[in-house]
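Okay, here's what each chain looks like letter by letter:
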Amino acid sequence: MTDFAIVIHGAPCSSESAHTAYRFTRAALENGHRIHRLFFFGDGVYNLNRLAVAAQDETNLPAQWNELILKHKLDAVVCVSSAVRRGIVDTQEAERHELGAASAYPSAEIAGLGQLVDAALHADRTINFG
Amino acid sequence: MANTPLTKTFTVLSRTAPYGSVRPHLCLDIALAAAVFEQQVNYVFLNDGVYQLLNKQDGAAIETKTIGKALGTLNLYGIDNVYVCKDSLSLRQLEVADLVLPATLIGAGELHEMLDNTDCVFNF
């Protein structure tokens, strides 16, 4: 059993890396490994955009991430500085910046890069996708 | 986390040109965060990443921050281990004197060894 920290900095619609990260995470869980934390960074924050709508014959990666996070009760963190400048906000950030609505799935927490360092410190392995 | 004395070695590899993408900034952000939490950080510039260190750069011309300026002060953030790939530099006809900081030149073999002795690698 390995405890993984997963860092995702690829965007869902413009790179394959985000989908690869999703499939890796799912496969790790299916094979009895642990996910210490998912950390969404840079353009990777778009993976938690709850306003994304996929075409009918395409997969909605943000919705899939949300489902996986809820199903396995994963610790998912979205980098605050990457997120806010890309319009990915939770209710708290939306209120703070008077934006009217939250755009991030509430299954993820919005926090700082310290959470990435902390995850890298405590996980057995840190893997980057992006 | 303040209660855990845990330390690891973080090696960040910055391989991309300074102004074409956000990658150099993401790399810098991770290195700074690791340094703030008192981790051992190796900062390695290779391939087009060496252009980030050119001392004659000015982001103002394209209305953006000058990344070389931030990189020149890495030591102020406790990052003293800054390495530049020897081959990447010479392939681009650059010299250490062209850079914003006194980086240590590193060969492929040394880099290989460094990565072998690293806990976490971040590749941008």
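Residues numbered from 1 in each chain as written. Chains lettered and ligands numbered in written order. Predicted model: local features only at pLDDT ≥ 70, side-chain atom pairs only at ≥ 80, totals over all residues. Heavy atoms only, no water.

(A) Structural detail: the overall build of chain B. Tallying secondary structure elements over chain B gives four helices and five strands in all. Of the regular secondary structure in chain B, the N- to C-terminal order runs β-α-β-α-β-α-β-α-β. Taken against the 2.2 N^0.38 rule, which gives 14 Å for 124 residues, the C-alpha radius of gyration of chain B at 14 Å falls within 12% of a compact globule. For chain B, the spread of C-alpha atoms along the principal axes amounts to about 45 × 35 × 25 Å. Counting all 124 residues of chain B, 44% fall into the buried class. (Helix = DSSP H or I, 4+ residues; strand = E, 2+ residues; numbered from the N terminus. Rg over C-alpha atoms; globule rule 2.2 N^0.38 Å. Buried < 20%, exposed > 50% of the residue type's maximum accessible area, 1.4 Å probe, protein only.)

(B) Structural detail: the sheet that holds strand 2 (residues 40–45) of chain B. Residues and elements named next belong to chain B. One open sheet holds the five strands; their spatial order is 4-3-2-1-5, and the pairing between them is parallel. Strand pairing shows two members of the sheet lacking a second neighbour, strand 4 (104–106) and strand 5 (120–123), which therefore form its edges. Mean inter-strand twist for the sheet, computed between neighbouring axes without regard to direction, equals 25°. Across six bridges, strand 1 (residues 9–14) lies against strand 2 in parallel orientation. The residue bridging Leu-13 from the neighbouring strand is Val-44, located in strand 2. (Pairing = 2+ DSSP bridges. Axes fitted to C-alpha atoms, helices over the stretch in contact; angles between N-to-C directions.)

(C) Structural view of the pattern of salt bridges. All names here are of chain A. All chains considered together, the criterion is met by seven salt bridges over all chains. The partner of Arg-23 in a salt bridge is Glu-16, and the shortest N-O contact between them spans 3.7 Å. A relative accessible area of 38% places Arg-23 in the partly exposed class. (Salt bridge = Lys/Arg side-chain N within 4 Å of Asp/Glu carboxyl O.)

(D) Structural detail: the interface of chain A and chain B. Contacts between the two partners involve 17 residues from chain A, matched on the other side by 20 residues from chain B. Together chain A and chain B conceal approximately 1,500 Å² of surface at their shared face, both sides included; 72% is due to carbon and sulfur atoms. For chain A, the biggest contributors to the area lost against chain B are Phe41(A), Val117(A) and Leu121(A); these three give 37% of the whole. Where chain A packs against chain B, one counts zero salt bridges. The interface formed by chain A and chain B contains five residue pairs in polar contact (both at pLDDT 80 or more). Elements that contribute at least two residues to the side of chain A that touches chain B include exactly helix 5 (114–122) and strand 5 (125–129) of chain A. When residues in the side of chain A that touches chain B are grouped by element, the largest group, seven residues, is from helix 5 of chain A. Here the side of chain A that touches chain B is built from residues that sort into eight nonpolar, seven polar and two charged. (Contact = heavy atoms within 4.5 Å. Buried area = accessible area lost by both parts, 1.4 Å probe. Polar contact = N/O pair within 3.5 Å; in protein donor to acceptor, adjacent residues only side chain to side chain. Nonpolar A, V, L, I, M, F, W, Y, C, P; charged D, E, K, R; others polar.)

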